[in-house]
Amino acid sequence: MIKITIDNREIEVKPGTNVLQAALDNGIDIPHLCYHPELVPSGGCRMCLVEVEGRPNPVPSCGLQAAEGMVIHTRTEQVEAMRRDIIDLFVSDHPLNCVVCDKNGACALQKYAYEYNVAETSFDFELSRTLYQDDNPFFIRDHQYCILCGKCVRVCDEVVGAHAIDFSQRGFVTYIATPFDVPLAESSCVFCGSCVQVCPTAALLPRNKIGKGREWELERTRTVCGYCGVGCSLEYALKDGEIIYAQGFADAPVNGEFLCVKGRFGWDFAKQPDRLTQPLVRKDLAYELGLTDEPWELPETSVLKSKPKAENYIPVSWEQAIDITATKLADIIRQHGGNAVAGLASARCTNEENYIFQKFMRVGVGTNSIDHCARL
Amino acid sequence: MSVLIRIGMSTSDIAAGAEATYQALESAVRHRQLPVTLKRTGSLGVSHREPVVEVVENGQSTLYGPVTPERVRPLLDQHFGAGHRGVSEDWVISRRNDRSDYPFLGLQTKVTTKLCGVIDPYSLDDYLAHDGYEAFKKALKMSPEAVVQAIKDSKLRGRGGAGFPTGIKWELLRKSPGSPKYLICNADEGDPGAFMDRATIEGDPHKLLEGMLIAAYATGASRGYIYVRAEYPLAINVLRNAIRQAREYGVLGQNILGTGMDFDIVIKEGAGAFVCGEETALMHSIEGKRGMPRMRPPYPAQSGLWGKPSNINNVETLASISSIILNGPDWYAGLGTEKSGGTKAFALAGAIQRSGLVEVPIGTPLRRLIYDIGGGCANGRELKAVQLGGPSGGCIPAHLIDTIIDYDELRATGAIMGSGGMIVLDDTVSMVNIAHYFLSFTQDESCGKCVPCRVGTRKMLNILARILHGQGVMEDIDRLERLCHTVGKGSLCGLGQTAPNPVLTTLRYFRHEYEQAIANRQNGHEAALAA
């Protein structure tokens, strides 16, 4: 560990830590817009400039490696004035229509404009770009809100590996684009939405979020994604019990903030009327087991060949369902032997679950007929 | 008795019509079966008299210019005894071998441009006949450490503009762990009006290659890149030819001259971004990425091209190396000042009587360059300022004309040495306009990565435009100064950090012009109200 001093506070940090992260980890807030702990620091927003004793000019703390004995000041008159000017420059090229903005309350630029009391720009207001792109079903790109922090570009490159977007053009009119401005669907984009996740402003928004409520009106529910065995944690933002959007959160143990297209955008099944939410037993079996008084026979066209109809089933508890399955399975094995049974495992289960399942099939049931959907 | 006729065929000569002159010369020599050896050379730097033709007869050299195709015949007539009709003394630039009769050439001290305009850039033999690759062979007999020490002792500082001591840079690469090591030559000469590197490459490409070879030997680099802007097709062509020749000659490739040293050079053409002259952006560009600067550290010597230890030197820096090794570091250091050795080439342009490429020792007073060499302002106008260092540089006012050309002295004026663009401004020029011109360039060329540069330069430009269009207010000057500070101190790379210099220096020395432009407007406004 090495010792550095930030704003007269001595702190210990691991060698190799950048000063911004060291400060954040110790509860010292250095303003920043383009820094993300999972991404290589870019130093583009210039908000995290600090003064280091012995250095003539301010240094971006995100790109400054802590060194033994380093003395850092994050709130000197000079850097605070520069930060205020930088926010001033940002808002000279960013609509301040926060009252109708979907990012209101979660916008990093808004936060700093508030902190530094920048109500409007003192320079001339001039939007460098007004491009609005809604070329895909998942999220929109509203370039007038983009502050070119480049986090979307870096997350796409460094975390996702899709390299779908980069900076295009130069100077004031620089913007983020796909190669040759092709629609996202024609680019290498995988629609994981990680760019939307890290965007500090309203430049990238989940399409479904638009007009559905301000950030502070939304409830948050954390859960584990059910799509595959990875077990990513995610957080649903809800309003009146309806999912508005899904996002990752930093301390999720498996995936951090990042999700794939299914977890982030594929949650509309949650409120589908035909979603299976509890175990069901077909009515003929239910009658046989005495779970219903109503006799019922299989129609001539087998239900196995047509879409199951809800009215042909009755709901049971998990205990009942497992009990029925175990009894039936045991009967089959007793009558026909283990080889009469085959098992098909699911990619939605974890490795451990799949392992246990095959062990159960081989040892418990006594069959080698075991397969997995991922092999298909 | 054969006569040698040289004709400058650099880009600037060609722009002045040298192709037609060459064709006229060539066909006349052929038809009249004259005993003439015709040699295409690079540029002598006499841009104001191009196309330039030199006739060497019995060891006596006469330099003519401009030589239009119509002037070819009378010239040949004169030299080959067919009469003296039509040759005007005005065509003669110099009749003396040492050029002492033409101060533009006679007062220069040429090191990197010494053979430009003398040798055929496509001929390795010509280079070899002028001690070519002797410095490299001499360096091979020294230890790499001794070569680094020699460069340190020569007090050579980076000619790209920043002036970092070259020897120290080499030592950093030499000592940096990791392999392979890369040596990069920055030939992305982007300052408006600057063409020193182009002229050097077009005139004497092997000098650059030899410098790179010595650098590679001293630093342990095994792969070289020359990053040259695509707008220099002739320079690229000359370089390609030279690299091929060097490979055939055995100084590039594997096991060079039987020493076991491996080194080869690849040309990478730029795609027209000024910012790619910045070393980290340049490396990104070579890697095939968007040319955007990144934060330093890590410095290139630690983690450069492809994440490997790398060293980047400018063309002029590398072109100085062979002369240092051959003549010794003391000779080179002795040319300059106490802190900075050698010579510096400048592209003298603007309202100057004699424009062109000039090379003078570090420490030369600006006055000597502008008046003695350049002949002062054209059309008898008064000198107002000298703009040095292109868009990153500043304006030195006429009253500071005795400033000497030296990294630190120039920095004290608010300008910078820069890569060598020198634009002379006379008293007809509006300094607000000059600041606006250079800032519009920087603003266009900002990569867009950091806010102070991307938006800040735009705001500065808007303010300048307002003042120029008679819509400025006095507070605009305060705003400008504030922005200069934020952009200069807050930007990520050298482009943004130096972008305010043209504004800062014009504000410092010509503030009254800003105030006047604003006051004129306000007076006009009040007059309008009163009426």
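Model, not experiment: these values are computed from the prediction.

Q: Help me out: how do you make sense of the overall build of chain B in this one?
A: When you go through chain B residue by residue, the secondary structure sums to 21 helices and 15 strands. Here the C-alpha atoms of chain B give a radius of gyration of 24 Å, agreeing with the 24 Å that 2.2 N^0.38 yields for 531 residues. Across its three principal axes, chain B shows a C-alpha extent of roughly 85 × 65 × 40 Å. With 531 residues in all, chain B has 61% of them scored as buried. Of the roughly 19,300 Å² of accessible surface on chain B, a fraction of 50% belongs to carbon and sulfur atoms. Positive and negative side-chain charges of chain B, numbering 57 and 56 respectively, have mean locations separated by a distance of 4 Å.

Q: Which parts of the structure should I look at to understand a nonpolar patch on the surface?
A: Residues and elements named next belong to chain A. There is a patch of nonpolar side chains on the surface, built from Val159, Val160 and Val190 and spanning about 200 Å² of accessible area. Looking at the secondary structure, you find Val160 in helix H4 (residues 151–160). Val160 gets classed as partly exposed once you look at its relative accessible area, which sits at 31%.

Q: Would you explain the domain arrangement of chain B in this entry?
A: Considered domain by domain, chain B is made up of domain 1 (3–106), domain 2 (124–335), domain 3 (344–426) and domain 4 (431–528). With centres defined by C-alpha atoms, the gap from domain 1 of chain B to domain 4 of chain B works out at 46 Å.

Q: Would you mind showing me how to read the sheet that holds strand E6 (residues 132–133) of chain A here?
A: The strands that make up a sheet are held in pairs by hydrogen bonds between backbone atoms, and each pair lies either parallel or antiparallel. Residue and element names in this part refer to chain A. Read from one edge of the open sheet, three strands run E6-E7-E10, paired in antiparallel fashion. With partners counted over all chains shown, the strands left at the sheet margins are E6 and strand E10 (204–206), one partner each. Sheet topology places strand E7 (residues 139–142) next to E10; three bridges connect them, and they run antiparallel. Across the sheet, the residue bridging to Arg141 is Leu204, located in E10.

Q: Would you explain the pattern of salt bridges in this entry?
A: Where charged atoms from two side chains of opposite charge approach closely, those side chains can pair. Using the criterion set out here, one finds 45 salt bridges over all chains in the structure. Note that Arg83 of chain A is salt-bridged to Glu80 of chain A, the shortest N-O span being 2.6 Å. With Arg83 of chain A and Glu80 of chain A both in helix H2 (residues 77–91), this residue pair falls three residues apart, about one helical turn. For Glu80 of chain A, a relative accessible area of 22% translates into the label partly exposed. Linking Lys289 of chain B and Glu287 of chain B is a salt bridge whose minimum nitrogen-to-oxygen distance equals 3.0 Å. Salt bridges linked by common partners bring Lys209, Glu215, Arg220, Arg222, Glu235 and Asp251 of chain A together as one network.

Q: I tried to follow the packing of helix H8 (residues 166–175) of chain B against helix H10 (residues 205–219) of chain B on my own but got confused; where do I start?
A: For any two helices packed against each other, the geometry comes down to the angle between their axes and how far apart the axes lie. Residues and elements named next belong to chain B. Packing of H8 against H10 leaves a shortest axis separation of 8 Å and a crossing angle of 50°. Considered as vectors, H8 and H10 are oriented oblique to each other. Touching Trp170, Leu173 and Arg174 of H8 are Ile214, Ala215, Tyr217, Ala218 and Thr219, all from H10. Class assignment for the residues of the contact of H8 with H10 results in six nonpolar, one polar and one charged.

Q: Explain the domain arrangement of chain A here, please?
A: Quite often, the size of an interface is put as the accessible area lost when its parts meet. Residue and element names in this part refer to chain A. For chain A, the assigned domains are domain 1 (2–75), domain 2 (218–269), domain 3 (276–334) and domain 4 (337–376). The straight-line distance from the C-alpha centre of domain 2 to that of domain 4 is 29 Å. Taken residue by residue, the interface counts four residues in domain 2 and four residues in domain 4. Between domain 2 and domain 4, roughly 290 Å² of surface is buried when both sides are summed, and carbon and sulfur atoms account for 42% of that area. The three residues of domain 2 that bury the most area against domain 4 are Gly226, Tyr227 and Gly229, which together make up 85% of that side's buried surface.

Q: Please explain the interface of chain A and chain B as it appears in this structure.
A: Listed as interface residues are 36 residues of chain A and, on the opposing side, 31 residues of chain B. When the two sides are added together, the surface that chain A and chain B hide from each other amounts to roughly 2,800 Å², 54% of it contributed by carbon and sulfur. When the buried area of chain A at its contact with chain B is split by residue, Leu89, Arg170 and Phe172 of chain A rank highest and sum to 23% of it. There are six salt bridges connecting chain A and chain B. For the salt bridge of Arg170 of chain A with Glu445 of chain B, the shortest nitrogen-to-oxygen distance reads 3.2 Å. Put simply, chain A and chain B have 21 residue pairs in polar contact (both at pLDDT 80 or more) between them.

Q: Could you clarify how one ought to interpret the nonpolar core in this entry?
A: One recurring pattern in soluble globular proteins is that nonpolar side chains are buried together. Counting 72 residues, the largest nonpolar core has Ile4, Ile6, Ile72, Phe139 and Ile176 of chain A together with Ile184 of chain B as its most contacted members. In this structure, Ile4 of chain A is in contact with Arg9, Glu10, Ile11, Val13, Ala22, Ala66, Ala67, Met70 and Ile72 of chain A, ignoring residues within four places of it in sequence.

Q: Explain the pairing of strand E8 (residues 253–256) of chain B to me, please; I cannot follow it from the model alone.
A: Side-chain direction in a regular strand flips from residue to residue, so the side chains alternate between the two faces of the sheet. All names here are of chain B. The sheet contact formed by E8 and strand E9 (residues 261–269) spans two bridges and is antiparallel. Paired with Gly253 across the bridge in E9 is Phe263. Taking the residues that link successive antiparallel strands as the turn, the E8-E9 hairpin has four residues, and the phi of Leu257 there is positive, at about 50°.

Q: Teacher, can you tell me more about unusual backbone geometry here?
A: Most peptide bonds are trans, and most residues other than glycine sit at a negative phi. Residues and elements named next belong to chain B. In the segment running from Ser179 into Pro180, the intervening peptide bond is cis, with an omega of 0°. Position of Pro180 relative to the elements: it lies in the loop between H8 and strand E6 (182–187). Note the cis peptide between Pro297 and Pro298, where omega equals 0°. As for its position among the elements, Pro298 is in the loop between helix H12 (279–286) and strand E10 (310–314).

Q: Quick question: what am I supposed to make of H4 of chain A here?
A: Quick reminder: α-helices carry 3.6 residues per turn. Residues three or four places apart thus point the same way. Residues and elements named next belong to chain A. By the burial criterion, the buried members of H4 are Lys151, Cys152, Val153, Arg154, Val155 and Cys156. Of the surrounding elements, those touching the buried residues of H4 are strand E8 (166–168), strand E9 (175–177), helix H5 (194–198) and E10. Positioned one or two residues after H4, Gly161 has a phi angle of 80°, which is positive.

Q: How should the packing of helix H18 (residues 451–468) of chain B against helix H19 (residues 475–490) of chain B be read in this particular structure?
A: Residues and elements named next belong to chain B. It is at 10 Å that the axes of H18 and H19 come closest, and there the two elements cross at 155°. Here H18 is positioned roughly antiparallel relative to H19, judged by the angle of their axes. Judged by the sense of rotation from one axis to the other, the crossing of H18 with H19 is left-handed. From H18, Pro452, Gly456, Thr457, Lys459, Met460, Ile463, Leu464, Arg466 and Ile467 reach across to H19, where they touch Asp476, Arg479, Leu480, Leu483, Cys484, Thr486, Val487 and Gly490.

Q: Would you mind showing me how to read the sheet that holds strand E1 (residues 3–8) of chain B here?
A: Residue and element names in this part refer to chain B. Pairing in this open sheet of five strands is mixed, and the strands run E2-E1-E3-E4-E5 from one edge to the other. Since the sheet does not close on itself, it has two edges, and those belong to strand E2 (36–41) and strand E5 (92–94), each with one partner. On average, each strand axis in the sheet is inclined to that of its neighbour by 25°, with strand direction left out of account. Sheet topology note: the strand E3 (residues 53–57)/strand E4 (residues 60–64) ladder contains five bridges and is antiparallel. What sits directly across from Val53, in E4, is Tyr64. The strands touched by helix H3 (residues 69–79) are E1, E3 and E4; relative to E4, the strand with the most contacts, the crossing angle is about 160°.

Q: Quick question: what am I supposed to make of the packing of aromatic side chains here?
A: Given two aromatic rings, their pairing is described by the distance between the two centres and the angle made by the two planes. Residue and element names in this part refer to chain A. On inspection of all chains with the given rule, the structure shows 12 aromatic pairs over all chains. The interplanar angle of 25° and the centroid separation of 6.2 Å between the aromatic rings of Phe139 and Phe265 together place this pair among those described as stacked. Taken together, the residues span a long stretch of sequence, with Phe139 in strand E7 and Phe265 in helix H6 (residues 261–265) at a distance of 126 residues. Assessed through its relative accessible area of 14%, Phe265 is described here as buried.

What counts, and where the lines are drawn
Residues numbered from 1 in each chain as written. Chains lettered and ligands numbered in written order. Predicted model: local features only at pLDDT ≥ 70, side-chain atom pairs only at ≥ 80, totals over all residues. Heavy atoms only, no water. Helix = DSSP H or I, 4+ residues; strand = E, 2+ residues; numbered from the N terminus. Rg over C-alpha atoms; globule rule 2.2 N^0.38 Å. Buried < 20%, exposed > 50% of the residue type's maximum accessible area, 1.4 Å probe, protein only. Areas by Shrake-Rupley, 256 points an atom, 1.4 Å probe, with all protein chains shown as cover. Lys, Arg positive; Asp, Glu negative; His and termini not counted. Charge placed at Lys NZ, Arg CZ, Asp CG, Glu CD. Patch = residues over 30% accessible without salt bridge, like charges linked within 9 Å, V, L, I, M, F, W, Y side chains within 5 Å. Salt bridge = Lys/Arg side-chain N within 4 Å of Asp/Glu carboxyl O. Domains from an automatic or database assignment. Pairing = 2+ DSSP bridges. Axes fitted to C-alpha atoms, helices over the stretch in contact; angles between N-to-C directions. Parallel < 35°, antiparallel > 145°, perpendicular 65-115°, else oblique. Contact = heavy atoms within 4.5 Å. Nonpolar A, V, L, I, M, F, W, Y, C, P; charged D, E, K, R; others polar. Buried area = accessible area lost by both parts, 1.4 Å probe. Polar contact = N/O pair within 3.5 Å; in protein donor to acceptor, adjacent residues only side chain to side chain. Core = buried A, V, L, I, M, F, W, Y, C linked by side-chain atoms within 4.5 Å. Left-handed = near helix turned anticlockwise from the far one by under 90°. Phe/Tyr/Trp six-rings, centres within 6.5 Å; stacked < 30°, edge-to-face > 60°.

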